[in-house]
Amino acid sequence: MSKSVQTLRRVMALFLGALLTSATPGASFAQDPFTEFFGGIFGGHPQHGWGPRSEPRVRRIMPHRENRAPTYWHGQTDNPRRAAKRTDGPAPDQAQNTAVTQPTFVVATIGDTLGLLLANGLKDGFSDRPDVAILRKGRESSGLVREDFYDWPKTAKEIAAAPQKINVAVVMLGSNDRQAIQQGQESIEPLSPRWREIYAARVDAVIAAFKEKNIPVIWVGLPVMKNERLSADMAQLNEIFKARAAHANIPYVDLWDAMTDEHGQYSAFGPDINGQIVKLRSADGVHFTDAGARSVAHFVEGEIKKYYDASRQQAPVAGAPATPQPEAGATPPQQPVAAAPADGQPIVFRSPVGGPSAAPSLPERPAVGPTQQLTGAGAATELARRTPAAKAAADAGTPAQALARHVFVEGGDQNPRSNRADDYSWRPAANAPSQPR
């Protein structure tokens, strides 16, 4: 019995020794040697949270978002000052791909922060037209009230007289003008009759600065605001802008209804130029997001394109053949000119053959043959002669014609012919055996 126990102990010792020498020391073996041993026998490799990973980590890709931002967004932001400080130059990666085409139509956008955001939207709107340039000539926190801070009538004259030619000027001002006008020691109450008179004169001064240089002006009204009191004051300023624009005979773009909901109230969300409902106004309820600036610019683009199309029609087309001038003493060839008749005067057809009132006429066609009366004694006699018997005698020229008339005209039967489809006679087969009686 003792020998058996000793033998068993020796076998177990050898088994444990072989186990300890074959196993590889490591963190996983120190934690669970038996699991590591049997896992190696059956092909398993247990993984521990603190052990090294045998496979690389797979990075998960975010799924595609259906309601993604429009492609023209440059990152929506609620900070109007950060959006208004966008640089005018092209991006570094786009500098090398800049088209060689030089802009021939320049639009100067002047105003406060809303005017700068409008300029950003116009840049996006005309990004596909390299011949159109948008100049951002705005100033933050400016207006027509504080001339000591920024004098817009004076600046407008400087912009109009600058060496760079301007084709259209777009003005959007007034969001900072809810304050008193200081004239010497006098402080004039906002929106009072005297205040309105002075403010309207400054609006006229800005418009006149561009009209003196024959530069068209487009005045853009202020949008509805989130604050009801502020919104009511902006509506009164719009009345001044609209009246002065009509007096100067310039376009006025009204944005009030475009930035409200179906009930005519302020709404931070609305449809963009693609019809998707997006956020158009920033958190302060005054400024625009990038999508809002693009939507506002969409209403101004229509007026700008009118002047753009007019300038393209007036400018000579490059490569077009010049009109040849007649030589001295030579009679130029006469060209047919169709003069429009005066209102109320009848149009007179003039024929090259007849007089001034002769209309062109077609020549008479010759008669084809002798004419016969459709009614009368002669026609009745001729019809009476063509009896069925006479017609049959005339047509019965050949047996084939007689057979065709008999079958297809008179509807008669045809005698059956042997081995034809209409031969229904029965004949016994030639080699048929005779039936016993």
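Residues numbered from 1 in each chain as written. Predicted model: local features only at pLDDT ≥ 70, side-chain atom pairs only at ≥ 80, totals over all residues. Heavy atoms only, no water.

**A look at the overall build of the protein**
Line of reasoning, step 1. A count of helical and extended segments in the protein gives twelve helices and nine strands.
Line of reasoning, step 2. Counting only residues that meet the buried cut, the protein has 30% of its 437 residues in that class.
Line of reasoning, step 3. Restricting the contact set of the protein to residue pairs at least 6 apart, pairs at least 24 apart contribute 66%.
Line of reasoning, step 4. Summed over all atoms, the accessible surface of the protein reaches about 31,600 Å², with 54% contributed by carbon and sulfur. (Helix = DSSP H or I, 4+ residues; strand = E, 2+ residues; numbered from the N terminus. Buried < 20%, exposed > 50% of the residue type's maximum accessible area, 1.4 Å probe, protein only. Contact = heavy atoms within 4.5 Å. Areas by Shrake-Rupley, 256 points an atom, 1.4 Å probe, with all protein chains shown as cover.)

**Description of a nonpolar patch on the surface**
Line of reasoning, step 1. On the surface, a cluster of nonpolar side chains totalling about 390 Å² of accessible area is made up of Leu-8, Met-12, Phe-15 and Leu-16.
Line of reasoning, step 2. Along the chain, the position of Met-12 falls in helix H1 (residues 2-22). (Patch = residues over 30% accessible without salt bridge, like charges linked within 9 Å, V, L, I, M, F, W, Y side chains within 5 Å. Salt bridge = Lys/Arg side-chain N within 4 Å of Asp/Glu carboxyl O.)

**Side note on the packing of helix H5 (residues 113-125) against helix H9 (residues 290-314)**
Line of reasoning, step 1. For the pair H5 and H9, interaxial distance at closest approach is 8 Å and the crossing angle is 70°. The pairing of H5 with H9 is recorded here as roughly perpendicular in orientation. Two packed elements cross with a definite hand, and for H5 against H9 that hand is right-handed. Contact residues: Leu-117, Leu-118, Gly-121, Leu-122, Asp-124 and Gly-125 in H5; Ala-293, Arg-294, Val-296, Ala-297, Val-300, Glu-301 and Ile-304 in H9.
Line of reasoning, step 2. In terms of residue class, the contact of H5 with H9 is made up of eight nonpolar, two polar and three charged. (Axes fitted to C-alpha atoms, helices over the stretch in contact; angles between N-to-C directions. Parallel < 35°, antiparallel > 145°, perpendicular 65-115°, else oblique. Left-handed = near helix turned anticlockwise from the far one by under 90°. Nonpolar A, V, L, I, M, F, W, Y, C, P; charged D, E, K, R; others polar.)

**Overview of the environment of Val-106**
Line of reasoning, step 1. One can find Val-106 in strand S1 (residues 105-111).
Line of reasoning, step 2. Judged by relative accessible area, Val-106 falls into the buried class, the value being 7%.
Line of reasoning, step 3. When near neighbours in sequence (up to four residues on either side) are disregarded, Val-106 contacts Ala-133, Leu-135, Gln-164, Lys-165, Ile-166, Asn-167 and Val-168.

**A few points about the pattern of salt bridges**
Line of reasoning, step 1. The final tally for this structure, using the stated rule, is eight salt bridges.
Line of reasoning, step 2. Here Arg-146 and Asp-148 are joined by a salt bridge, their closest N and O atoms 2.9 Å apart.
Line of reasoning, step 3. The salt bridge involving Arg-178 is made with Asp-233; its shortest N-O contact spans 2.8 Å. A residue pair is termed long-range when its members are at least 10 positions apart, and Arg-178 in the loop between strand S3 (168-172) and strand S4 (181-183) and Asp-233 in helix H8 (residues 228-248) qualify at 55 residues.
Line of reasoning, step 4. Assessed through its relative accessible area of 15%, Asp-233 is described here as buried.

**Observations concerning H8**
Line of reasoning, step 1. With 21 residues, H8 extends 30 Å between its outermost C-alpha atoms, agreeing within 8% with the 30 Å of an ideal straight helix rising 1.5 Å per residue.
Line of reasoning, step 2. Of the positions making up H8, those classed as buried are Leu-230, Ser-231, Asp-233, Met-234, Leu-237, Asn-238, Ile-240, Phe-241, Ala-245 and Ala-248. Taken end-on, H8 shows its buried residues confined to a sector of 170°, consistent with a single buried face. When the buried face of H8 is taken as reference, the exposed residues oriented beyond 90 degrees from it are Glu-228, Arg-229, Glu-239, Lys-242, Ala-246 and His-247.
Line of reasoning, step 3. Along its buried surface, H8 packs onto helix H7 (193-211), strand S6 (217-220) and strand S7 (252-253).
Line of reasoning, step 4. Looking at the residues trailing H8, positive phi occurs at Asn-249, about 60°. (Expected span 1.5 Å × (residues − 1). Arc of directions from axis to C-beta.)

**Topic: unusual backbone geometry**
Line of reasoning, step 1. Phi is positive for Ser-141, which is not a glycine, with a value near 60°.
Line of reasoning, step 2. With respect to the helices, strands and loops of the structure, Ser-141 is situated in the loop between strand S2 (132-136) and helix H6 (152-160).
Line of reasoning, step 3. Despite not being glycine, Leu-191 shows a phi value in the positive range, around 65°.
Line of reasoning, step 4. Among the structural elements, Leu-191 can be located in the loop between strand S5 (186-188) and H7.

**Thoughts on the pairing of S1**
Line of reasoning, step 1. Among the seven residues in S1, seven count as buried, and that is most of the element.
Line of reasoning, step 2. Neither face of S1 is exposed, since Phe-105, Val-107, Thr-109 and Gly-111 on one face and Val-106, Ala-108 and Ile-110 on the opposite face are all buried.
Line of reasoning, step 3. For S1 and S2, the ladder comprises five bridges, and the chain directions are parallel. When the sheet's bridge partners are listed, Val-107 is paired in S2 with Ile-134.
Line of reasoning, step 4. The sheet contact formed by S1 and S3 spans five bridges and is parallel. Looking at the pairing, Thr-109 lines up with Val-170 of S3. (Pairing = 2+ DSSP bridges.)

**Quick look at the confidence of the model for the protein**
Line of reasoning, step 1. When pLDDT is averaged along the protein, the result is 74; 57% of the residues meet or exceed 70.
Line of reasoning, step 2. Every residue in residues 26-30 is under pLDDT 50, and counting partners more than four places away or in other chains gives four contacts. (pLDDT = per-residue confidence, 0-100.)

**Examining the packing of H6 against H7**
Line of reasoning, step 1. Two numbers describe how H6 lies on H7: the axes approach to 8 Å, and their chain directions differ by 5°. Our classification of the angle between H6 and H7 gives roughly parallel. Within the contact between the two elements, H6 uses Trp-152, Pro-153, Ala-156, Lys-157, Ile-159 and Ala-160 and H7 uses Arg-202, Ala-205, Val-206, Ala-209 and Phe-210.
Line of reasoning, step 2. For the contact of H6 with H7, the class distribution of residues is nine nonpolar, no polar and two charged.

**Quick word on the sheet that holds S6**
Line of reasoning, step 1. Spatially, five strands are ordered S2-S1-S3-S6-S7 in an open sheet, and the strand pairing comes out parallel. Edge positions in the sheet fall to S2 and S7, since each has one partner strand and no second.

**Some thoughts on the side chain of Arg-136**
Line of reasoning, step 1. Following the sequence through the fold, Arg-136 ends up in strand S2.
Line of reasoning, step 2. The class of Arg-136 is buried, set by a relative accessible area of 15%.
Line of reasoning, step 3. At 3.0 Å, the side chain of Arg-136 forms a polar contact with the side chain of Asn-120. (Polar contact = N/O pair within 3.5 Å; in protein donor to acceptor, adjacent residues only side chain to side chain.)

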